[in-house]
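As a plain string of letters, each chain reads:
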Amino acid sequence: MESGPAIFAGAAFTLFGAALLCWTGVRVRYGEPVAAGVARRTAAVLTGLFGAGSLLLGIWCFGRL
């Protein structure tokens, strides 16, 4: 019964983290700003950290099954 919420949370975190990392990579590759009003390097690093953290959290949720 408890595996349902773990699967949903794992899928949500994993998809969000992967999408955020891909989006950040594309923006950095083409030299476009990642966030408005923030230095490019700072925004790229913080966005990458949050994307990787979300991806790892999703993998951890799947590991708890």
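These numbers come from a predicted model, not from an experiment.

Colleague: How should I be thinking about the overall build of the chain in this particular structure?
Modeller: What the chain contains, in helices and strands, is 2 helices and 0 strands. At 14 Å, the chain has a C-alpha radius of gyration far larger than the 11 Å of a compact globule built from 65 residues. By principal-axis analysis of the C-alpha atoms, the chain measures approximately 45 × 15 × 15 Å. For the chain, buried positions account for 23% of its 65 residues. A sequence separation of at least 24 residues applies to 70% of the contacts in the chain between residues at least 6 apart. Approximately 4,800 Å² of the chain is accessible, and the part contributed by carbon and sulfur atoms is 72%.

Colleague: How should I be thinking about the side chain of T14 in this particular structure?
Modeller: The topology assignment puts T14 in helix α1 (residues 3–29). Within the local environment of T14, its side chain forms a polar contact with the backbone oxygen of G10, the two atoms lying 2.6 Å apart. In this view, T14 contacts S54, L55, G58, I59 and F62; residues no more than four positions away in its chain are not counted.

Colleague: Could you clarify how one ought to interpret the pattern of salt bridges in this entry?
Modeller: In this structure the tally under the stated criterion is 1 salt bridge. Residue E32 pairs with R27 through a salt bridge whose shortest N-O separation is 2.8 Å. Judged by its relative accessible area of 35%, E32 falls in the partly exposed class. Looking at R27, the relative accessible area reads 23%, which means it is partly exposed.

Colleague: So what exactly am I meant to see when it comes to the packing of α1 against helix α2 (residues 40–63) here?
Modeller: Following both chains from N to C, one finds α1 and α2 inclined at 155°, their axes separated by 7 Å at the closest point. When the axes of α1 and α2 are compared, the pair comes out roughly antiparallel. Read as a crossing pair, α1 and α2 show a hand that is left-handed. Along the lines of polarity and charge, the residues of the contact of α1 with α2 split into 18 nonpolar, 9 polar and no charged.

Quick notes on the rules
- Here the residue index of a chain counts from 1 through its sequence in written order.
- Under the rules for a predicted model, residues below a pLDDT of 70 receive no local features and side-chain atom pairs below 80 are neither given nor counted, while totals for whole chains, interfaces and linings still include all residues.
- Only heavy atoms go into the side-chain values, all of them from the structure, while hydrogens and water stay out.
- Only DSSP runs of H or I covering at least 4 residues are called helices, and only runs of E covering at least 2 are called strands; the numbering of each starts at the N terminus.
- Only C-alpha atoms enter the radius of gyration; for comparison, a globular chain is expected to reach 2.2 Å times N to the power 0.38, where N is the number of residues.
- Residue burial is assigned from relative accessible area. The probe radius is 1.4 Å, only protein chains are included, and a residue is buried under 20% of its type maximum, exposed over 50%, and partly exposed in between.
- Any two residues having at least one pair of non-hydrogen atoms within 4.5 Å are treated as being in contact.
- Per-residue and other accessible areas were derived by the Shrake-Rupley procedure at a 1.4 Å probe size, with only the shown protein chains allowed to occlude residues.
- Counting of polar contacts relies on pairs of N or O atoms within 3.5 Å, with two restrictions inside protein: one atom must be capable of donating a hydrogen and the other of accepting it, and residues adjacent in sequence are counted only when both atoms are side-chain atoms.
- Whenever a carboxyl oxygen of Asp or Glu lies within 4 Å of a side-chain nitrogen of Lys or Arg, that contact is scored as a salt bridge.
- Working convention: axes come from line fits to C-alpha atoms, limited for helices to the stretch in contact. Angles between N-to-C directions cover 0 to 180 degrees.
- Oblique is the label for every angle not falling under 35 degrees (roughly parallel), over 145 degrees (roughly antiparallel), or within 65 to 115 degrees (roughly perpendicular).
- Here is the rule for handedness: rotate from the far helix to the near one, and if that takes an anticlockwise turn smaller than a right angle the crossing is left-handed, while a clockwise turn gives right-handed.
- Under the scheme applied here, ten amino acids are nonpolar (Ala, Val, Leu, Ile, Met, Phe, Trp, Tyr, Cys and Pro), four are charged (Asp, Glu, Lys and Arg), and all others, including Gly, are polar.

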